[in-house]
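Residue-level structural notes
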Amino acid sequence: EEASKQMATKIADAITAVEKDTSSFENWLKLGNLRKDIEDFVGAVEIYKYLNVVFPKNSVSFSNLGNLQRLQLRLGALFA
C-alpha cells in the first residue's frame, strides 16, 4: 500500500512537471517510464511514440519503445 502511494505521488509529480514544461524531453520520458513501471503499457507506448515524433534524433525513446513492445510480445505469449 505504501509503495502504491509513493508511485502515485511520483506520477502526479511527473504529470505536473510535463504540464509546466511540455517541451521537456526528460519530463515526458520520466512519465513514460513511470507508466511502464505500473504496467500502463498503452500509456507508455503513447508517450514514447510522441517523443519519437517530437525528438526524432534521440535514441532513448526509440529503444524504450522497442523494449516495451518486445516485453508485451513475451507477456502476450505467456498468457495466450
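Nothing here was measured: the structure is a model prediction, and the numbers come from that model.

Another point: unusual backbone geometry. Notably, Glu39 is not glycine yet its phi reads approximately 65°, a positive angle. Position of Glu39 among the secondary structure elements: in the loop between helix H2 (25-37) and helix H3 (41-54).

Tallied over the entire structure, the rule returns three salt bridges. Across the pair Arg35 and Asp40 runs a salt bridge whose closest N-O atoms are separated by 3.5 Å. Using a relative accessible area of 22% as the deciding quantity, one classes Arg35 as partly exposed. A relative accessible area of 24% places Asp40 in the partly exposed class.

For the rest of this paragraph, the subject is the confidence of the model for the chain. Caution applies to low-pLDDT parts of the model: their predicted coordinates are not meant to be read in detail. On average, residues of the chain carry a pLDDT of 92, and 95% of them reach 70 or more. When pLDDT is averaged over each element of the chain, H2 comes out on top at 97 and helix H4 (residues 60-79) at the bottom at 84.

Let us now look at a nonpolar patch on the surface. Together, Tyr50, Val53 and Val54 make up an exposed nonpolar region whose accessible area comes to about 270 Å². The topology assignment puts Val53 in helix H3.

With that settled, the discussion passes to the packing of aromatic side chains. Considering all chains together, one arrives at two aromatic pairs under this definition. Judged by centre distance (5.2 Å) and plane angle (80°), the rings of Phe25 and Phe55 are edge-to-face. Placement of Phe25 in helix H2 and of Phe55 in the loop between H3 and H4 is noted, with a sequence separation of 30 residues between them. Summarising the aromatic geometry, the rings of Trp28 and Tyr50 are spaced 4.9 Å apart at their centres and angled 50° between planes, so their arrangement reads as tilted. Taken together, the residues Trp28 in helix H2 and Tyr50 in helix H3 connect sequence positions 22 residues apart. For Tyr50, a relative accessible area of 34% translates into the label partly exposed.

A separate point is the environment of Val54. Take Val54: it is sitting in helix H3. We classify Val54 as partly exposed; its relative accessible area is 40%. The sequence separation of Val54 and Asn27 amounts to 27 residues, and the corresponding C-alpha distance is 13 Å.

Rules and cut-offs
Residues numbered from 1 in each chain as written. Predicted model: local features only at pLDDT ≥ 70, side-chain atom pairs only at ≥ 80, totals over all residues. Heavy atoms only, no water. Helix = DSSP H or I, 4+ residues; strand = E, 2+ residues; numbered from the N terminus. Salt bridge = Lys/Arg side-chain N within 4 Å of Asp/Glu carboxyl O. Buried < 20%, exposed > 50% of the residue type's maximum accessible area, 1.4 Å probe, protein only. pLDDT = per-residue confidence, 0-100. Patch = residues over 30% accessible without salt bridge, like charges linked within 9 Å, V, L, I, M, F, W, Y side chains within 5 Å. Areas by Shrake-Rupley, 256 points an atom, 1.4 Å probe, with all protein chains shown as cover. Phe/Tyr/Trp six-rings, centres within 6.5 Å; stacked < 30°, edge-to-face > 60°.

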